[in-house]
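This is what each chain is made of:
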Amino acid sequence: MLQVRVKPGIEDRVRGFFPWIYRPEIASFSRKPKKGELVVVRDFAGKFLGYGYINPEVSIAIRILSFDKNEKVSPELIKKRIKEAYEYRKRLYINSNAYRLVHSEGDLLPGLIVDVYGEYAVIEFTTYGMNQFREAVIEALLETIKPKGIYEKANLTASKVEGIGTEEGVVYGEVPEEVVIWEHDLKFYINIPEGQKTGFFLDQRNSRKFVRSLVEPGDRCLDVFCHTGGFALNMKKMGAKEVIAVDISDLALEMGKKNEELNGLSGIEWVEANAFDFLRKLDKAKEEFDLIVIDPPSFAKNKHSVPNALRGYKELCVRGLKLVKPGGYLAIFSCSFHITQEHLLQVLREASYDVRRQVRVIATTFQDKDHPWILQMPNTLYLKGVWVEVM
Ligand SMILES: C[S@@+](CC[C@H](N)C(=O)[O-])C[C@H]1O[C@@H](n2cnc3c(N)ncnc32)[C@H](O)[C@@H]1O
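Residues numbered from 1 in each chain as written. Predicted model: local features only at pLDDT ≥ 70, side-chain atom pairs only at ≥ 80, totals over all residues. Heavy atoms only, no water.

Overview of the overall build of the chain
Across its full length, the chain carries 11 helices and 20 strands. Scaling as 2.2 N^0.38, a compact globule of 391 residues should have a C-alpha radius of gyration of about 21 Å, and the chain matches this with 22 Å. With the C-alpha coordinates of the chain rotated into their principal frame, the extents come out at 70 × 45 × 35 Å. Sorting the 391 residues of the chain into buried and exposed places 58% on the buried side. (Helix = DSSP H or I, 4+ residues; strand = E, 2+ residues; numbered from the N terminus. Rg over C-alpha atoms; globule rule 2.2 N^0.38 Å. Buried < 20%, exposed > 50% of the residue type's maximum accessible area, 1.4 Å probe, protein only.)

Examining the domain arrangement of the chain
Examined at the domain level, the chain breaks down into domain 1 (2-66), domain 2 (75-179) and domain 3 (201-390). Taken together, the 15 residues of domain 2 in the interface contact 12 residues of domain 3. Carbon and sulfur atoms supply 63% of the area that domain 2 and domain 3 bury against each other, a total of about 1100 Å² over both sides. Connecting domain 2 to domain 3 are one salt bridge. The partner of Glu178 in a salt bridge is Lys258, and the shortest N-O contact between them spans 2.7 Å. The interface formed by domain 2 and domain 3 contains five residue pairs in polar contact (both at pLDDT 80 or more). When residues of the side of domain 2 that touches domain 3 are traced back to their parent elements, those giving at least two are helix H2 (75-92), strand E7 (98-103) and strand E8 (112-117). Looking at the side of domain 2 that touches domain 3, the element that brings in the most residues is E7, giving four residues. (Domains from an automatic or database assignment. Contact = heavy atoms within 4.5 Å. Buried area = accessible area lost by both parts, 1.4 Å probe. Salt bridge = Lys/Arg side-chain N within 4 Å of Asp/Glu carboxyl O. Polar contact = N/O pair within 3.5 Å; in protein donor to acceptor, adjacent residues only side chain to side chain.)

What about the site of the ligand?
Taken together, 17 residues lie around the ligand, and Gln196, Arg208, Asp247, Ala275 and Asp295 are the ones closest in. Between the ligand and Gln196, the relevant distance is 2.8 Å, taken from an oxygen atom to a side-chain nitrogen or oxygen of the residue. Separating an oxygen atom of the ligand from a side-chain N or O atom of Arg208 is a distance of 2.8 Å. In the complex, 91% of the free accessible area of the ligand, which totals 610 Å², lies under the protein chains. Of the residues that constitute the shell around the ligand, the class distribution is nine nonpolar, five polar and three charged. (Near = heavy atom within 4 Å. Areas by Shrake-Rupley, 256 points an atom, 1.4 Å probe, with all protein chains shown as cover. Nonpolar A, V, L, I, M, F, W, Y, C, P; charged D, E, K, R; others polar.)

Structural notes on the sheet that holds strand E14 (residues 220-224)
The strand order E16-E15-E14-E17-E18-E20-E19 describes an open sheet built from seven strands, whose pairing is mixed. The strands lining the two open edges of the sheet, one partner per strand, are strand E16 (268-272) and strand E19 (359-366). Neighbour to neighbour, the strand axes of the sheet diverge by 15 degrees on average, direction disregarded. One ladder, built from five bridges, connects E14 with strand E15 (residues 242-247); its direction is parallel. The residue of E15 that forms the bridge with Asp223 is Ala245. On the sheet, helix H8 (residues 250-262) packs against E15 and E16 and is oriented at approximately 170 degrees with respect to E16. In this fold helix H10 (residues 306-323) packs onto E14, strand E17 (289-294), strand E18 (324-334), E19 and strand E20 (384-390), with an angle of close to 160 degrees to the strand it touches most, E18. (Pairing = 2+ DSSP bridges. Axes fitted to C-alpha atoms, helices over the stretch in contact; angles between N-to-C directions.)

A short note on the pairing of strand E10 (residues 149-154)
The element E10 is extensively covered by neighbouring structure, given that six of its six residues are classed as buried. Across six bridges, the pairing between strand E9 (residues 120-125) and E10 is parallel. In the strand pairing of E10, Val122 is matched with Tyr151. Two strands pair when backbone bridges link them, and E10 and strand E11 (residues 169-173) are joined in this way by four bridges, in the antiparallel orientation. By the bridge assignment for E11, Ile150 is matched with Tyr172.

Examining helix H9 (residues 275-284)
Turning to H9, its buried residues are Ala275, Phe276, Phe278, Leu279, Leu282 and Asp283. Seen along its axis, H9 keeps its buried residues to an arc of 165 degrees; they face one direction. For H9, exposure combined with an orientation more than 90 degrees from the buried face picks out Lys281 and Lys284. Residues of H9 that are buried make contact with E14, E15, E16, E17 and H10. Here H9 starts with a cap whose side-chain oxygen sits 2.9 Å from the backbone nitrogen of Phe276, and that cap is Asn274. (Arc of directions from axis to C-beta.)

As for the pattern of salt bridges
Inspection of the entire model under this criterion finds 35 salt bridges. A salt bridge links Arg208 to Glu183, with the shortest nitrogen-to-oxygen separation between them at 2.8 Å. Separated by 25 residues along the polypeptide, Arg208 in helix H6 (residues 205-210) and Glu183 in strand E12 (residues 179-183) bring together distant segments of the chain. The class for Glu183 is buried, based on a relative accessible area of 2%. Residues Arg280 and Glu315 are paired through a salt bridge, measuring 3.0 Å at the closest nitrogen-oxygen approach. In this pair, Arg280 is assigned in helix H9 and Glu315 in helix H10, connecting sequence segments 35 residues apart. On the basis of relative accessibility, which here comes to 36%, the residue Arg280 falls in the partly exposed class. Residue Glu315 is classed as partly exposed on the basis of its relative accessible area of 24%.

With respect to empty space enclosed by the protein
All told, the structure shown has one cavity of 30 Å³ or more when counted by the stated rule. Quantified by volume, the largest cavity comes out at close to 30 Å³. Around the largest cavity sit Tyr53, Ile54, Asn55, Ile60, Ala61, Ile62, Arg63, Thr127 and Glu162, which together line it. Taken together, the elements giving at least two residues each to the lining of the largest cavity come down to strand E5 (48-54) and strand E6 (60-66). It is E6 that provides the largest number of residues to the lining of the largest cavity, a total of four residues. Here the lining of the largest cavity is composed, by residue class, of five nonpolar, two polar and two charged. (1 Å grid on protein atoms, 1.4 Å probe; cavity = no way out; pocket = protein on both sides within 12 Å on 5 of 7 lines; lining within 4 Å. Points joined across faces, edges and corners; volume = space filled by probe spheres on them.)

So, in structure tokens, the structure goes:
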């Protein structure tokens, strides 16, 4: 197997279970590396650090799959990890038949995402190295969850960086265009081939449940960046009198309307608009709400875009705070790896100052527990939400 030595000083971080080695941190190879091949990682003195796979063409050149000398990497190990990931999910008692089965580094399977929607699974390879194990992944899924169909989605950004194909499609059995899943006591249509991400924002399950505790019958609520109505439906289900749900995607809104009907609910106002423009319009009209949830897409794709992203979050907070009635609630989320919870709190502080509205934090929420994050990689806690009461 290809042997790689890292530069002096890198070994402690790897021994501390940080699973990435960046290209400039590599001191030497035992021979010319091939993209996707397995490697033994050693410290500068030659002591074992871990087994992983390599892509010498990208910045995160090596991802460690095992820190245990006795645990050699093979298709069998990948299958074992998927089975362990499944056992872990079973212990979580997730109140839904849709969940993330494999969360990349969080399940010691860097480069692999597997989401389950009832009887169907969606797989996504985000690294060349993990893509080498595709047969083992599919076999493991057939052995554990026994899906009727498996669909492969391409993560376009990662595929481009890593140089893997961008084709999407059914890789096993049959996958219908629409699948109905349930979460708590609501049902949702999922369009696996056309939908965003793998079809649904599974990571917000706990926050979609939490929002219920804030709704009083008769409330006026606003779900900004609503996608297929995740928060809006929960608000309506809890007796909100008026719910406005806004998103830029007509496909998401169509699904939202169908979801409303599917759940025997009615009266949600679905608005196709740019959320920034729509919030400005509501502000101008001096509209007021008891509860507003703002759940935008990632604004910071890399660390260089953080300042711009913060401006975006701040604008959303300013608009949101102005629109909340005294005693009402606002939730703001960021799903950007590069935005920390402290960033979000700071943006809220500045917005609170600017609009002269005092706020108190009532809760913070994160990606749900089927999306575990790595202690040594704080940015794997990518989804953060802050819930405030606006005084
Ligand atoms: C993180 S998702 C929201 C998930 C949703 N809260 C849920 O629980 O399913 C972000 C949504 O923002 C929408 N979006 C992106 N840019 C937008 C914009 N400028 N204005 C309105 N919606 C936008 C996307 O279509 C996507 O549905």
